Amino acid sequence: MQRQLEVKSWHSIILHLLLLLQNTDFLNGQRAPDKPQQIKCRSPEKETFSCWWKPGYDGGLPTNYTLLYNTEKHQEFMECPDYTTSGPNSCYFDKKHSYFD
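Residues numbered from 1 in each chain as written. Predicted model: local features only at pLDDT ≥ 70, side-chain atom pairs only at ≥ 80, totals over all residues. Heavy atoms only, no water.

Draft legend 1. Geometry of the environment of Gln38. With respect to the element layout, Gln38 can be found in strand β1 (residues 37–42). Looking at Gln38, the relative accessible area reads 61%, which means it is exposed. For Gln38 and Cys51, which are 13 residues apart along the polypeptide, the C-alpha to C-alpha distance reads 7.8 Å. Contact partners of Gln38, with chain neighbours within four places excluded, come to Trp52 and Trp53. (Helix = DSSP H or I, 4+ residues; strand = E, 2+ residues; numbered from the N terminus. Buried < 20%, exposed > 50% of the residue type's maximum accessible area, 1.4 Å probe, protein only. Contact = heavy atoms within 4.5 Å.)

Draft legend 2. Structural view of the packing of aromatic side chains. Going through the model one piece at a time under the given rule, you end up with 2 aromatic pairs. Aromatic side chains Phe49 and Phe93 sit 4.4 Å apart centroid to centroid with 10° between the ring planes, which places their arrangement in the stacked category. Residue Phe49 is located in strand β2 (residues 49–54), and its partner Phe93 is located in strand β5 (residues 90–93); the two are separated by 44 residues in the primary sequence. An aromatic cluster of at least three residues, connected via ring pairs, comprises Phe49, Tyr69 and Phe93. A cation over an aromatic ring shows up here: Lys40 above the ring of Trp52, its NZ or CZ 5.3 Å from the ring centre. (Phe/Tyr/Trp six-rings, centres within 6.5 Å; stacked < 30°, edge-to-face > 60°. Lys NZ or Arg CZ within 6 Å of the ring centre and 35° of its normal.)

Draft legend 3. Just the pattern of salt bridges, in detail. Evaluated as defined, the whole model comprises 2 salt bridges. In this structure, Arg31 and Asp34 form a salt bridge, with 3.1 Å as the shortest nitrogen-oxygen distance. We classify Arg31 as partly exposed; its relative accessible area is 30%. Taking relative accessible area as the criterion, Asp34 reaches 31% and is therefore assigned partly exposed. Here Glu47 ties to Lys95 by a salt bridge, and the two come within 3.1 Å at their closest N and O atoms. Taken together, the residues span a long stretch of sequence, with Glu47 in the loop between β1 and β2 and Lys95 in the segment after β5 at a distance of 48 residues. Judged by relative accessible area, which is 40%, Glu47 ranks as partly exposed. (Salt bridge = Lys/Arg side-chain N within 4 Å of Asp/Glu carboxyl O.)

This is the structure we're talking about:
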């Protein structure tokens, strides 16, 4: 019985060591990027709107953000239709992609 506990203990130590190594920085200082934070969405004329976000730390890696959304009419997720019109770190929704009551 004690021998089984020792084996389980070694497995536990190896597992914890692997998890510890997995959560540390890579040798060249890279790590998983942080999540972005939503700053605001705005619709000045109530026909189109834009949303902007603040990127998190990129972890020292090239990072691209994808904005996914859905509507009451379309439950499946769709990607942002325009990442350029409203500037960096933004998504622009034209009249085709907007609906206001």
